[in-house]
Amino acid sequence: MATLEKIRNKSVLLFVIIIVALLAFILGDFLTSGRTYFSHPSEVASANGVTVEYQEYQNKISEASEQMRKQGRDISNDILSQNVLQGIVAEKLFNKEYEDLGITVTDTELTEALTGETPNPRAAQMISYLAQQLNLPEASGRVVFDAVQNPAKYNLPAGIGQELRNIWAGQEEEISNAMMQQKFMSLINGLYTYNKLDAKAFYDDNATTRTIAYINKDVAGISDEDVEFTDADIEALWKSEKQNYLLDEPMREVDYIYVAIEPSQSDRANGQSAVETAIMALNGSEGTDAVASDTKFVTSSQNIPLSAIQDAKLREFLKENAAGTAKLLQRQNDTYTIAKLLNVTTGVDSINISMLRGVQTVNFDSLANAINNGTAFADLNGDETQTADSIWTALEGVGLDDLTKNALATAAIGKAFVLTDTIQGTPTSAIYRVNKRHTPVNYYDVALIEYTVDPSTETLTELSSNLRTFLSNNSSADEFTKNAADAGYSVLSAQVGPSSTGIGNVRDSRRFVKWALNNKKGKVSPMMQDDRQTYLMAIAVKDVYDKYMPWTSPAVKTGLRARALNNKKAEKLMSQYAGKANDLQSYAKVLGDSIMHGNVNITTPALLTIGIGESELQGAIAASEKGKFTGPLQGKRGILVFEVEDVNTDNRPFDERDYGTRFAQTFGISRQATPLPLLLGKNKIDNKSLNFVQDINE
């Protein structure tokens, strides 16, 4: 009983301890996890009332990756994922606007855009591509759509129908979205109107040219030591244009070390030895069996005439060597290419043919007889038949089946014949006529064998060990930056935020961005390695920026320093020469410069020989009267004195409608590179995609 009583007395304390532990666990997860208990765990981004869910995000990335693969493009997954995310956000914001405004595309509009006489430009690309790939008789939307719906009519394999329908459906969706966006942008453009003052100002700015006589005294003659200059001057310039440095998202200033994982000199020597040994073995054996067991040698082969070879080195090798010969063709960086001539045969490289395809109910024998009796192929085009006349095609290396290739290689010139085959169990027939056949040429059966020298395990171990040692001895950001050079490392700098695709320009480094954003100022990362094992990296968090990019940021400070220093030098010139004369001739003597002449238009980016970005000086010139001396005025890189000699409008009368339209075209919505800022308004994209990126294990 006494024991039970003790348990009862302490039950409240135990309960409190358990509750505190649970709260600590939950709070810890709340503070460290990007997906908190107060946000949607599958939300990747949100903006202006729309959200992007993880699954749709991943699906779009998969689609984009597959498209890049088919196009043969190699793009960083990190860059791709952020491009996809921004695209989804823009699409959702557009759809929201379409729904709010009642913008739609009718079936009639879409049909006309895809199959009309003048298809939508985007659709025209797809139509041309499919017509070429399917060898259709006409590159029109009407014919392509007919082939999509009736593949057998065009002698296409039955199994291709669904794939073509998927391509067409995707194109319909893409064109529909593009047309709705065009309607939306046209509507928005209509909101950007002009008034009479806008039109007149645009006329004054563009139609009026002022000829001035001037003297520009540049700051180049003043050394840095001649002016009093401190960081306070840089800070003051930053404050004067602080809004230019407003951040869209929190940022980190990082220093980082990048170590490329490359072969050592020993690795390269071993690689060269392996290649030399392989060439000897290839020359002493049949085929490519000598390197078949070594996976580092990657072999490909082709049977090709000299006329089809673009590589001059390969062409010379084939011309100068006998079958069975292997030689080093080229070396690019750490990749060797060996060529071995396996065999030489003869064959026809290309022929000119005419052909007719159709549904199986067509009497092909009768049509072949008609052609041989003078009927043109074009005259036999119909609902059930399609023809193509006088087409040059290769016989080798274009995927022709042996039956068709042999028939075309041996057919009598000028005589039409019927060729019947069975494709996937379905009999198919076509009529061919060989119009011309090139004389047989040599075909070279050649093997290309690539060998790439990779870093050895010993090399990777040494690189990793050295970097780990450096990091263990330099555990603060200041030490990291200060001591890197002595350890043989170069330090690079970058600014990163939730939307950054990586650290600087380093590929596949977005998960390292996540580490930087999750750590405090002064923290140094462990050694990191990319998934492809091409580099090692280490990061030091130098600073944390929440609202503005400060003037102390190295990237900002470097640019501001040069401008602030020029300002101080220009101020010095002003103090030296202000009020020293009252006309150009006198200032020419005071400044020791000659008078120059030039034409000034306020809209021109560059101001004569003075430079770009001198809007205040251009404004002063535009406001000056003819014959009036003005100056000195302080510019960004010196001082200016001038006199307007003439004002010329080229006798162009003011037309309100004309110049108003030009104003709208220049300053309207069409000037924006992307409509996304318009859709966002004052809102920003809340990018949470880093929550779904793998953490770095400390």
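Residues numbered from 1 in each chain as written. Predicted model: local features only at pLDDT ≥ 70, side-chain atom pairs only at ≥ 80, totals over all residues. Heavy atoms only, no water.

We now examine the overall build of the protein. Across its full length, the protein carries 22 helices and 21 strands. A compact globule built from 698 residues should have a C-alpha radius of gyration of about 26 Å, whereas the protein, at 37 Å, is more than 25% larger. Dimensions of the protein, computed from the C-alpha atoms along their principal axes, are close to 105 × 100 × 70 Å. Considering only residue pairs separated by 6 or more positions, the protein has 70% of its internal contacts joining residues 24 or more positions apart. Accessible surface for the protein amounts to roughly 39,500 Å². Of this, 49% is attributable to carbon and sulfur atoms. Here the protein holds 67 positive side-chain charges and 88 negative ones, and the gap between their average locations is 5 Å. (Helix = DSSP H or I, 4+ residues; strand = E, 2+ residues; numbered from the N terminus. Rg over C-alpha atoms; globule rule 2.2 N^0.38 Å. Contact = heavy atoms within 4.5 Å. Areas by Shrake-Rupley, 256 points an atom, 1.4 Å probe, with all protein chains shown as cover. Lys, Arg positive; Asp, Glu negative; His and termini not counted. Charge placed at Lys NZ, Arg CZ, Asp CG, Glu CD.)

The residue after Gly631, namely Pro632, is reached through a cis peptide bond having omega 0°. At Asn135, a position not held by glycine, the phi torsion is positive, near 55°. Structurally, the position occupied by Asn135 is in the loop between helix H5 (121-133) and helix H6 (141-149).

In space, the four strands of this open sheet follow the order S13-S4-S15-S14, with antiparallel pairing throughout. Of all the strands in the sheet, the pair left with one neighbour each is strand S13 (491-496) and strand S14 (528-529). Bridging between S14 and strand S15 (residues 535-545) involves two bridges; their strand directions are antiparallel. Within S15, the position partnered with Met528 by the bridge is Met537. Seen against the sheet, helix H15 (residues 457-473) touches strand S4 (251-260) and S15 and runs at an angle of roughly 25° to S15. (Pairing = 2+ DSSP bridges. Axes fitted to C-alpha atoms, helices over the stretch in contact; angles between N-to-C directions.)

Scored by pLDDT, the protein comes out at a mean of 88, with 92% of its residues at no less than 70. This model gives residues 1-39 a pLDDT under 50, and the stretch forms nine contacts once residues within four places in sequence are excluded. (pLDDT = per-residue confidence, 0-100.)

Looking at chain direction, strand S3 (residues 209-218) and strand S20 (residues 638-648) are connected through ten bridges and run antiparallel. By the bridge assignment, Ala213 is partnered in S20 with Glu643. Relative to strand S16 (residues 596-600), S3 is paired through five bridges, and the arrangement is antiparallel. Following the sheet pairing, Tyr214 is matched in S16 by Met596.

A few words on the environment of Leu676. Note that Leu676 resides in helix H22 (residues 676-680). Sequence separation between Leu676 and Leu342 is 334 residues, and the spatial gap between their C-alpha atoms is 58 Å.

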